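Here is what each chain is made of, one letter per residue.
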There are 2 protein chains.
Amino acid sequence: MEYRFMGDQVMDDGVVIISGVERERAREMTIGRMKCMSCKEEYFEEKAGTCKECYDEASETEEELKKEIEELRANISFLRLSPPHSSLSQHFSDLQIETPCGRCIPAHKAVLMSKSPVFRAMLENNMEESRSNTIKITDITYEVMFTFIDYLYTAEVTLDEEKAFDLLVVAEKYEVQHLKNVCEKYLTATLNVENSLASFAFAHKYNAKHLSEASLSLILDNMQTLTTRDEYRELVAGDPRLVVEIYESYLAKQANTAA
Amino acid sequence: MEYRFMGDQVMDDGVVIISGVERERAREMTIGRMKCMSCKEEYFEEKAGTCKECYDEASETEEELKKEIEELRANISFLRLSPPHSSLSQHFSDLQIETPCGRCIPAHKAVLMSKSPVFRAMLENNMEESRSNTIKITDITYEVMFTFIDYLYTAEVTLDEEKAFDLLVVAEKYEVQHLKNVCEKYLTATLNVENSLASFAFAHKYNAKHLSEASLSLILDNMQTLTTRDEYRELVAGDPRLVVEIYESYLAKQANTAA
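What you see is a predicted model, and the numbers here were worked out from it, not measured in a lab. (Residues numbered from 1 in each chain as written. Chains lettered and ligands numbered in written order. Predicted model: local features only at pLDDT ≥ 70, side-chain atom pairs only at ≥ 80, totals over all residues. Heavy atoms only, no water.)

**Quick notes on the overall build of chain A**
Note the threshold: Strands are runs of DSSP state E lasting at least 2 residues, helices are runs of H or I lasting at least 4, and numbering of each runs from the N terminus. Partly exposed residues are those whose accessible area sits between 20% and 50% of the maximum for their type, while under 20% is buried and over 50% is exposed, using a 1.4 Å probe and protein chains only.
Across its full length, chain A holds 14 helices and 8 strands. Looking at chain A residue by residue over its 259 residues, the buried ones come to 43%.

**What about the sheet that holds strand β7 (residues 104–107) of chain A?**
Strand pairs in the sheet, formed through backbone hydrogen bonds, run parallel or antiparallel to each other. Residues and elements named next belong to chain A. Which entries qualify depends on this criterion: When DSSP locates at least two bridges between a pair of strands, those strands are taken to pair. For helices, the fitted axis covers only the stretch in contact; all axes are lines through C-alpha atoms, and the angles between them, taken along N-to-C directions, range from 0 to 180 degrees. Contact criterion: two residues are considered in contact whenever any of their non-hydrogen atoms come within 4.5 Å of each other.
Strand order in the open sheet formed by 3 strands is β7-β6-β8, and the pairing between neighbours is mixed. Bordering the open sheet on either side are β7 and β8 (134–136), each of which pairs with just one other strand. Sheet twist, expressed as the mean angle between neighbouring strand axes with direction ignored, is 20°. Bridge analysis of strand β6 (residues 95–98) against β8 gives 3 bridges, and the strand direction is parallel. Residue glutamine 96 lies in a different strand from β8, and its bridge partner there is threonine 134. In the packing of helix α7 (residues 142–154) onto the sheet, the strands contacted are β6 and β7, and the crossing angle to β7 comes to about 10°.

**Some words on the UniProt feature "domain: BTB" (unreviewed entry) in chain A**
Keep this limit in mind: UniProt positions are given in the numbering used here, feature names are shortened, and annotations may be inferred rather than shown by experiment.
Residues annotated by UniProt as "domain: BTB" (unreviewed entry) correspond here to residues 93–161 of chain A. As a span, residues 93–161 of chain A carries 49% helix and 16% strand, and end to end its C-alpha atoms are 31 Å apart.

**A word on the pairing of β7 of chain A**
Two faces make up the sheet, and in a regular strand the side chains alternate between them. Residue and element names in this part refer to chain A. Relative to β7, β6 runs antiparallel, the two sharing 4 bridges. From the neighbouring strand, leucine 95 faces β7, where its bridge partner is alanine 107. In this antiparallel pair of consecutive strands, β6 and β7, the connection spans 5 residues, and glycine 102 shows a positive phi of 100°.

**Section: the domain arrangement of chain A**
Put simply, the test is: The domain boundaries here were taken from an automatic or database domain assignment.
Here chain A is described as being made up of domain 1 (22–46 + 55–79), domain 2 (80–190) and domain 3 (192–258). For domain 1 of chain A versus domain 3 of chain A, the distance between C-alpha centres works out to 43 Å.

**Concerning the packing of helix α10 (residues 193–205) of chain B against helix α13 (residues 230–238) of chain B**
All names here are of chain B. Operational definition: Each angle is binned into one of four classes, with values under 35 degrees roughly parallel, values over 145 roughly antiparallel, values of 65 to 115 roughly perpendicular, and all other values oblique. Working rule for handedness: look at the near helix, and if it is turned counterclockwise from the far one by less than a right angle, call the crossing left-handed; if clockwise, right-handed. Three classes are used, and their members are as follows: Ala, Val, Leu, Ile, Met, Phe, Trp, Tyr, Cys and Pro are nonpolar, Asp, Glu, Lys and Arg are charged, and the others, Gly among them, are polar.
Running from N to C, α10 and α13 point in directions that differ by 20°, and their axes come no closer than 9 Å. Taken together, the axis directions place α10 and α13 in an arrangement best described as roughly parallel. Helix-helix and strand crossings are classified by hand; for α10 and α13 the assignment is left-handed. Across from Glu194, Leu197 and Ala201 in α10, the residues of α13 making contact are Glu231, Tyr232 and Leu235. Here the residues of the contact of α10 with α13 sort into 4 nonpolar, no polar and 2 charged.

Structure below.
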């Protein structure tokens, strides 16, 4: 018996002529019904994902990636130092960080120098700080500085929006790029129409490129409400150049959409 | 037109009766032929892996895992300290590690204490080492101690078999579990019939459980050649109890296989 794919009839020579329609029905009733190895659901040809080999490969890859993550996590917890406020670190602290309120944070020159080029320059060049074993902070609160120093030892911090803004400023000042990235990432993820203008101005001030782009594009998507917002009037008063930049980007965007 | 699955004939009422055989042929010629979204190869029902949905999900998961790995790597390179021999660390080193050959390795009490409970006890309890700011090493070479201290700062080391043996011993002595695991893992991965006996004896001496089990099972798989090896005679002479342990495990294994 042979198959041709033309009409939808049976010839008396016993040749079955199967039409597309019949093939569909035939398949649904009889063949081309597969079981997904992952979700165990049945599916048909048009819903096919991968062959068995590729499924097995993918599963292996996932296993290996998860194993690597485990190892990296172990590395991280090994590399973490006891935070400066811990009895262990205070033990042989060779530096005090004095904050505006007068409270001090004990630290270690070697650690601060290896994490921040700014601290490094301060302490290496036998400046006042290095001789006095004290770094006087005038522009950052004890709480923020404490979290910042803690991060230099542990690479751990629980962020909220305010903390992320504060720490990004300190990270920018002391050139701790890793922490700056962490904060910028958090702020980009928590962007919304309400904070987009403030975030754009902030990002511009502290050279946070990703946050700047993300907030700008959110602003451009909501131009209708722009001028109604208090933050807008504040920005016009405070930094009109930035507002101009917004309008220029808006024009450019419209031109692109038109083209 | 309807389908039944009994014979292999065409009835004059136009009912097509399709047999399994014909279904096979029909499929191969017309339907149930799928394209793998991963390798782009064609495959048939019996080689089906996943449905499209699960394929997409799996791809997403892989992307996310890779992203997490990237972030963890960034954390690690941030947490790494400049190794003690670097000018940066020597700068404010508050401790010298004196090795048998007289050469010293500069280090930082705070770092050593946070990585090793043994160093911590030494330095915390105002013992000789803490007062003199010197730790005298009598049983570890400069080269091995240098690599060990370097690891405490960087969590980085390029292992070969000898280095892994040496570092495991030091890691065990100073209770640096993370490095011990790394060495044990390397030695387990490089196990072979030739080094299995030595590795078994070594693992036993330094409480390396995984390495001990892995080498033992490799020994049990090659009992025929066991007594012919020099290492065997050495072990009989040096630590007969271990040889007894091997034979006992062999017996137990045979009993299990028999059961």
